[in-house]
Amino acid sequence: MSERLAERVSIGPDGVICVIAGKVELGQGVLTALAQIAADALGADLAQVRMVAARTDGGPDEGLTAGSLSIQRAGPPLREACARVRAACAAEAARRWGVSPGEVTVRRGEFRAGDLTATYADLAKAVDLPAEEAPADAGTEQNVYVGTSVPRLDLPDKVAGRPRFIHDLRLPGQLHGRVLRPPSPGARLARLSPPPQDLRVVRDGSFLGVLGESEAEADRALGRLRRLAEWDERDTLPDENDLDTFLRAGPHETIPVRVADGEPPEGQVIEATYSRPFLAHASIAPSCAAARWNADGTLEVWTHSQGVYLLRRALAEVLGLDHDRVAVRHVEGAGCYGHNGADDVALDAALLARASGGRPVHVRWSRADELTWAPFGSAMSADVSAVVDEAGSVRSWQYDVWSQGHISRPTYGGRPGLLAGAHLERPWTYGAPTDPPPQAGWGSARNADPIYDFPRAQVTGHRLTETPIRSSALRSLGAFMNVFAIESFMDELALAAGRDPLEYRLDHLSDPRAREVLRRAADAAGWGRPGLGIGFARYKGFGAYCAAVAEIEAEQDVRVRRLTLAVDVGQVINPDGVRNQIEGGAVQATSWTLKERVRFDRRAITSRDWESYPILRFSETPEVAVELVEHPDTPPVGSGEAAQGPVAAAIANAVAASIEVRVRDLPITRDAIIRAIG
Amino acid sequence: MTRLTVNGTPMEAVSDPGTPLLDVLRGEMGLTGTRFGCGLEACGACFVLLDGRPVASCTTPLSVAEGRDVVTIEGLAPGDELHPVQRAILDEQAGQCGFCLSGIMVSAAALLARDPHPDEEAVVAALDRNLCRCGVHRRVVRAVLKAAGEVTR
Ligand code: FES
Ligand code: FES
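An unreviewed UniProt entry annotates chain B as (2Fe-2S)-binding protein of Nonomuraea aridisoli.

If you look chain A up in an unreviewed UniProt entry, it shows as Xanthine dehydrogenase family protein molybdopterin-binding subunit from Nonomuraea aridisoli.

A.B. asks: Sorry, what's going on with the domain arrangement of chain B here?
C.D. replies: Interface size is commonly expressed as the accessible area that is lost once the parts come together. Residue and element names in this part refer to chain B. Here chain B is partitioned into domain 1 (2-75) and domain 2 (84-151). The C-alpha-based centres of domain 1 and domain 2 are spaced at 21 Å. Of the roughly 1100 Å² buried at the junction of domain 1 and domain 2 (both faces included), carbon and sulfur atoms supply 61%. Per-residue buried area on domain 1 facing domain 2 is highest for Arg-35, Phe-47 and Ile-73; these three make up 47% of the total on that side. Our count for the domain 1 to domain 2 interface comes out at zero salt bridges. Our count for the contact surface shared by domain 1 and domain 2 stands at three residue pairs in polar contact (both at pLDDT 80 or more). Classifying every residue of the side of domain 1 that touches domain 2 by side-chain character gives nine nonpolar, three polar and one charged.

A.B. asks: Explain the UniProt feature "domain: Aldehyde oxidase/xanthine dehydrogenase a/b hammerhead" (unreviewed entry) in chain A here, please?
C.D. replies: UniProt's feature table lists "domain: Aldehyde oxidase/xanthine dehydrogenase a/b hammerhead" (unreviewed entry) at residues 160-235 of chain A, given in the numbering used throughout. Across residues 160-235 of chain A, the secondary structure splits into 20% helix and 34% strand, with the terminal C-alpha atoms separated by 47 Å.

A.B. asks: What is the right way to look at the pattern of salt bridges in this model?
C.D. replies: Note on pairing: side chains with opposite charge can pair once their charged atoms come close. Residue and element names in this part refer to chain A. Counting across every chain of the model gives 59 salt bridges over all chains. With its nearest N and O atoms 3.0 Å apart, the salt bridge here joins Asp-198 to Arg-224. Taken together, the residues Asp-198 in the loop between β8 (188-192) and β9 (200-204) and Arg-224 in helix α6 (residues 215-228) connect sequence positions 26 residues apart. According to the relative accessible area criterion, Arg-224 is partly exposed, its value standing at 29%. The network of salt bridges with shared partners includes Glu-25, Arg-152, Asp-154, Asp-157, Lys-158, Arg-162, Arg-164 and Glu-332.

A.B. asks: What is the right way to read the pairing of strand β19 (residues 394-403) of chain A from this model?
C.D. replies: One face of the sheet, then the other: side chains in a regular strand alternate in exactly this way. All names here are of chain A. With eight of 10 residues buried, β19 lies mostly within the body of the structure. In this structure, strand β18 (residues 380-388) lies alongside β19, joined through nine bridges in antiparallel fashion. Within β19, the position partnered with Ser-385 by the bridge is Gln-398. In sequence, β18 turns back onto β19 through a hairpin of five residues, with Gly-392 there showing a positive phi of about 90°. Relative to strand β20 (residues 457-464), β19 runs parallel, the two being bridged by seven bridges. By the bridge assignment, Val-401 is partnered in β20 with Gly-461.

A.B. asks: Help me out: how do you make sense of the packing of helix α4 (residues 120-127) of chain B against helix α5 (residues 137-150) of chain B in this one?
C.D. replies: In helix packing, the relevant descriptors are the interaxial angle and the interaxial distance, both defined with respect to the helix axes. Residues and elements named next belong to chain B. At their nearest, the axes of α4 and α5 sit 10 Å apart, and the two run at 120° to each other. Classified by the angle their axes make, α4 and α5 are oblique. In the packing of α4 onto α5, the handedness of the crossing is right-handed. When α4 is examined against α5, the residues Glu-120, Val-123, Val-124 and Leu-127 are found in contact with a partner set consisting of Arg-138, Val-140, Val-141, Val-144 and Leu-145. Residues of the contact of α4 with α5, tallied by class, amount to seven nonpolar, no polar and two charged.

A.B. asks: Explain the nonpolar core to me, please; I cannot follow it from the model alone.
C.D. replies: Generally speaking, a soluble globular protein has its nonpolar side chains buried in company with each other. In terms of nonpolar packing, the biggest core is built from 159 residues, with Trp-397, Tyr-399, Leu-493, Leu-565 and Ile-668 of chain A together with Val-140 of chain B touching the most fellow members. Setting aside chain neighbours within four positions, we find Leu-565 of chain A in contact with Ala-521, Cys-546, Ala-547, Ala-548, Ile-582, Ala-586, Val-624, Ala-625, Val-626, Glu-627, Ala-643 and Val-647 of chain A.

A.B. asks: Which parts of the structure should I look at to understand the packing of aromatic side chains?
C.D. replies: Each aromatic ring pair is characterised by the separation of its centres together with the angle its planes make. All names here are of chain A. For the structure on display, the rule yields eight aromatic pairs over all chains. Measuring from centroid to centroid gives 4.8 Å for Phe-111 and Tyr-120, while their planes differ by 75°, and the two rings are edge-to-face. With respect to class, Phe-111 is no different from Tyr-120; both count as buried. An aromatic cluster of three or more residues is present, and its members are Trp-397, Tyr-452, Phe-454 and Phe-489. The residue whose ring lies beneath Arg-470 is Tyr-430, and the NZ or CZ to ring-centre distance is 4.8 Å.

A.B. asks: When you look at the domain arrangement of chain A in this model, what are you seeing that I'm missing?
C.D. replies: Residue and element names in this part refer to chain A. The domain boundaries assigned to chain A delineate domain 1 (5-152), domain 2 (166-233 + 282-373) and domain 3 (243-278 + 376-406 + 443-677). Put simply, the middle of domain 1 and the middle of domain 2, counted by C-alpha atoms, are 37 Å apart. Facing the 15 residues of domain 1 at the interface are 16 residues of domain 2. Both faces combined, the contact of domain 1 with domain 2 buries some 1300 Å², and carbon together with sulfur accounts for 56% of it.

A.B. asks: How should I be thinking about the confidence of the model for chain B in this particular structure?
C.D. replies: Any residue range with low pLDDT should be treated as having predicted coordinates unsuitable for detailed reading. Taken residue by residue, chain B gives an average pLDDT of 96. The fraction at 70 or more is 98%. If you check the scores for this complex, the pTM reads 0.96 and the ipTM reads 0.97.

A.B. asks: What is the right way to look at helix α8 (residues 308-319) of chain A in this model?
C.D. replies: Two residues of an α-helix separated by three or four positions point the same way, owing to the 3.6 residues in each turn. Residue and element names in this part refer to chain A. Between its terminal C-alpha atoms α8 stretches 16 Å, which fits the 16 Å expected from 12 residues at 1.5 Å a residue. Summarising burial for α8: 10 of the 12 residues are buried, a large majority. Turning to α8, its buried residues number three or more, namely Val-308, Tyr-309, Leu-310, Leu-311, Arg-312, Ala-314, Leu-315, Ala-316, Val-318 and Leu-319. Buried positions along α8 lie against β14 (288-293), β15 (299-303), β16 (326-330) and α9 (342-353). Phi for Gly-320, located one or two positions after α8, is positive at around 65°.

A.B. asks: Even after reading the chapter, I still don't get the interface of chain A and chain B, so can you show me in this structure?
C.D. replies: Contacts between the two partners involve 57 residues from chain A and, on the opposite side, 45 residues from chain B. Regarding the contact of chain A and chain B, the summed buried area is about 4200 Å², with carbon and sulfur atoms giving 54% of it. Three residues, Val-159, Ile-284 and Phe-618 of chain A, lead the burial of chain A against chain B; their summed loss comes to 22% of the area buried on that side. On inspection of chain A and its partner chain B, the count reaches six salt bridges. Measuring nitrogen to oxygen at the nearest pair gives 3.1 Å for the salt bridge that ties Arg-35 of chain B to Asp-168 of chain A. On the surface where chain A and chain B come into contact, there are 23 residue pairs in polar contact (both at pLDDT 80 or more).

A.B. asks: It is not clear to me how the sheet that holds strand β5 (residues 110-113) of chain A should be interpreted in this structure. Could you clarify?
C.D. replies: The strands that make up a sheet pair up through hydrogen bonds in the backbone, lying either parallel or antiparallel. Residue and element names in this part refer to chain A. Ordered by their spatial adjacency, three strands build an open sheet running β4-β5-β6, and the pairing between neighbours is antiparallel. Two strands lie at the open edges of the sheet, namely β4 (105-107) and β6 (116-119), each paired on one side alone. Ignoring strand direction, the axes of neighbouring strands in this sheet form an average angle of 25°. Each of β4, β5 and β6 touches helix α3 (residues 70-97); the most contacted strand, β5, lies at about 40° to it.

So, how was this worked out
Residues numbered from 1 in each chain as written. Chains lettered and ligands numbered in written order. Predicted model: local features only at pLDDT ≥ 70, side-chain atom pairs only at ≥ 80, totals over all residues. Heavy atoms only, no water. Domains from an automatic or database assignment. Buried area = accessible area lost by both parts, 1.4 Å probe. Salt bridge = Lys/Arg side-chain N within 4 Å of Asp/Glu carboxyl O. Polar contact = N/O pair within 3.5 Å; in protein donor to acceptor, adjacent residues only side chain to side chain. Nonpolar A, V, L, I, M, F, W, Y, C, P; charged D, E, K, R; others polar. UniProt positions renumbered as here; feature names shortened; annotations may be inferred. Helix = DSSP H or I, 4+ residues; strand = E, 2+ residues; numbered from the N terminus. Buried < 20%, exposed > 50% of the residue type's maximum accessible area, 1.4 Å probe, protein only. Pairing = 2+ DSSP bridges. Axes fitted to C-alpha atoms, helices over the stretch in contact; angles between N-to-C directions. Parallel < 35°, antiparallel > 145°, perpendicular 65-115°, else oblique. Left-handed = near helix turned anticlockwise from the far one by under 90°. Contact = heavy atoms within 4.5 Å. Core = buried A, V, L, I, M, F, W, Y, C linked by side-chain atoms within 4.5 Å. Phe/Tyr/Trp six-rings, centres within 6.5 Å; stacked < 30°, edge-to-face > 60°. Lys NZ or Arg CZ within 6 Å of the ring centre and 35° of its normal. pLDDT = per-residue confidence, 0-100. Expected span 1.5 Å × (residues − 1).

Structure representation (C-alpha cells):
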C-alpha cells in the first residue's frame, strides 16, 4: 500500500484537519460519528475536524455506505490513520524540541511538552509521508467525543435552510433536465413527433429527456414532450393480489441457510404462512444528480449515491469511457434507506449533459418517477412450521422463504444496473437482483435463521431468478419480513401452548445479550399488562440486538400508541445518534407494517403519489422509548436496520393480543384484519 | 413583473406569473431552503408563509403572491438569528436527513404565531400535512412544544 497519510487526513495552515473517510452522509449521522472517532484518535478539537464527502477524485474506495456497517468497517482504518497522524506530529514536535516522543502529549489539538506547545498547523508537514512510514505505535488515545451525544454536524445548515442538498447545487451555466420515463416497465417508444424548434429534446432509443434554463422551464418542456411521444406497451407485471403464487412459481435459486440432520421428530405440527408486499423507499425528496462533460472528454458527476466508486464503474461502462475519465462526487440528498434512484438519476444527468454543448445539467426526478421507477424492496412469502413437545416447546423448526433478490446495485451481477441503460438504443438491460453472501448477512434469507436454541432446524431461501418488478436493497433487506414471520410464529406457538410470549422466547434462548435486551424492553414497557406485543432479533445474526414492545389501539384502523425498544449495539459512539436511528427505524417500520404496499396492475405501477402510497403521518406516529444496553468493550455495530423486523412483529403480536386476530399478511390494514377474521 | 415581499424585502419577480412560487423562490431568487418534495401539495416540503399562513409553494402560482407577504425558512428569523422553532429543533436533534424540516418549521412557526401555547394535540394537528420519512416526528413535536415555551410575544 503506497497510500500517503495525507490522502486520508490533511492539515490546513489554519489548523483545520480534513478527514476523508470514504463514507457518505445518508441522513443517518454517520459523518458525525466518524468525526468523533477521528477527533479522538487525533487528540483534536471536534470543531477543527472537517469530514470531506466521498469522491472518486481524491478519496479512498471504501465501497458502499450500507448495511449498517459504516462504523464497524470504516471506523478502525480511520482511527488508525488519524492515530498515525497524531503520532507523526508528536514525533516531529519531539524532534524540534529535543525531547522524547513519549513526553509529548496532545489535547484538543494542542501538542505540549512542559512549556512548549505546538498546533497541528505548526506540525502539518510531518504528515506528508507514506502511511507505512508513519509511526505504528501511536500510544493510547483518550475518548473525549466517542461515547457522547455530539450534535449532528450537518444539521445546523439544514435547519437554517442553507444550500446543502444536491437539489440546491448550482453549477455555473447549469441547465435543468427532465426525463420522460416510459408509461410502464415494458413500454418502448413507438413514435416521436418532430419536436418544435424551441424544445431541446435528447433522445437515445426509448430514453427521452428535455433541457431548460430553469426548473420551471424544464417542467413545462417535459409536459410538451409528453404529448409528442407514443409508446408501445405490454403487460409484464404479476397479479398484485396473488403475490404468493407469483413468488412461489419460480424459477428459483435455492439458498440452503441451515440444513437439518435426519428426519423431523414426531409430535404436534403447527404451521403458518406470512407475507409482505413490495415496498417503496419513498424518500421525501426525489432523486437528483448533476453532470458535466468537459472539452477533453472527461465527465464529472455529482450524486447522492451510496457508492461513488461503483457508480463510476457503471457510468463508465454505459458511456463507453475509461474509469479514470469519470469523476464522481457525493453531495447529500434526502434520507436514503437503501438502493433508491440516486444512481439511476446520475446516468440520466450524464446522458442529458452529453447533449448540452458542455453546459452542466442538473436533473431531478418527479414524485411519480421516484415512487414507480426506483427499485422496490421485494415482496416476500414464508412458510413456517414447528414440531412441538407436550409443553409446546419447539423440537424441530422449518422455514422456507420466497422472494426476489435484494441487491441489484450498479455493477452487481456484472451489469451496470442503471435504469436508463435499459432504454437506450443499444440497451444495457438490468438483470435479476441477487443476494449478498452469507458473510454479509444474506438478502432474501437475512435473519431467516432464528437465534433460538432449537434442537433441529431447516431454513431455506428461494430466490426468484426472473423478476418482472425491479427490486433491490431496502433497509434491512429480507430481515423485516423474516423477523416478522419468525417472531409472529413464536407468539403463535406461545399462545398455543398457553405460555407467556416473553417467557416462551427466553425458554428457547441462551444468548445472554439477547436475553438482556428482551428483558429490558419488557420491563421498560411494563410487560404483563394485557394487549402488549413483543418482537426480537439480532440483526443479520451478528449485528445489533433489538427487542420491541408495542402497545396499540384497534378501532377503525390499527394505531400504534407506543413502542418501547431495547437495543444493544456494542460500544456506542454517539448515544443520541443511536437513539435517533432506532426511533426513526421504528417509526418507518410502523409505516411499512400498517400502511405500505406498492400497487400495480398487470401493466404499470399505479402507486404514484402520496395518496396512493400513503406513509405514516404525525397524527399516526407512536411515542418511541429507547433503552440503550451498553457494552463498551464490544465492537460497535450499526443501528439503522435493527428495529424494523422486531417492530413489525411486536405490532402484529399486539394486534393478536388486543383483538385476538392474527394478521399474517402485511400491511395490517382494516381490510387485512377483516380478511384475517374471515 | 410581479411585486411581492419576500422575507421582509420588496421584490419584483420576472418569472411568468403562472410559474410555481417554489420555482421562483428556488430559481430566480436563489432561496433554496424551500424544498421540492412532490409538486402536488401532498408533502409539505415546500411550505412557505403567505400572509402568515402556511401554503404549498409548489402549487401556488407566482400571480397569487402578488402584493403579498412571503416568508421562507431563510426568513423565519431576522438575519442570522434562528427562530425559536429552529433552535428547539437543533436542541432536540429533531432531524435525520433534514429534508422535511423547512416545511415543518414553517408550519410550526405559523402555529406558534397563532397560538403561542398549543398543547401536543394542536402541534400534531398543525404538522399533519407535513410528511417525514426518516421518522423524527416525536422529536419534532417535543421541539415545537419546547419552542412554545419560549415564544411569548
Ligand atoms: S412539494 Fe409542495 S407539498 Fe410537496
Ligand atoms: S428528517 Fe428525513 S424526511 Fe424528515
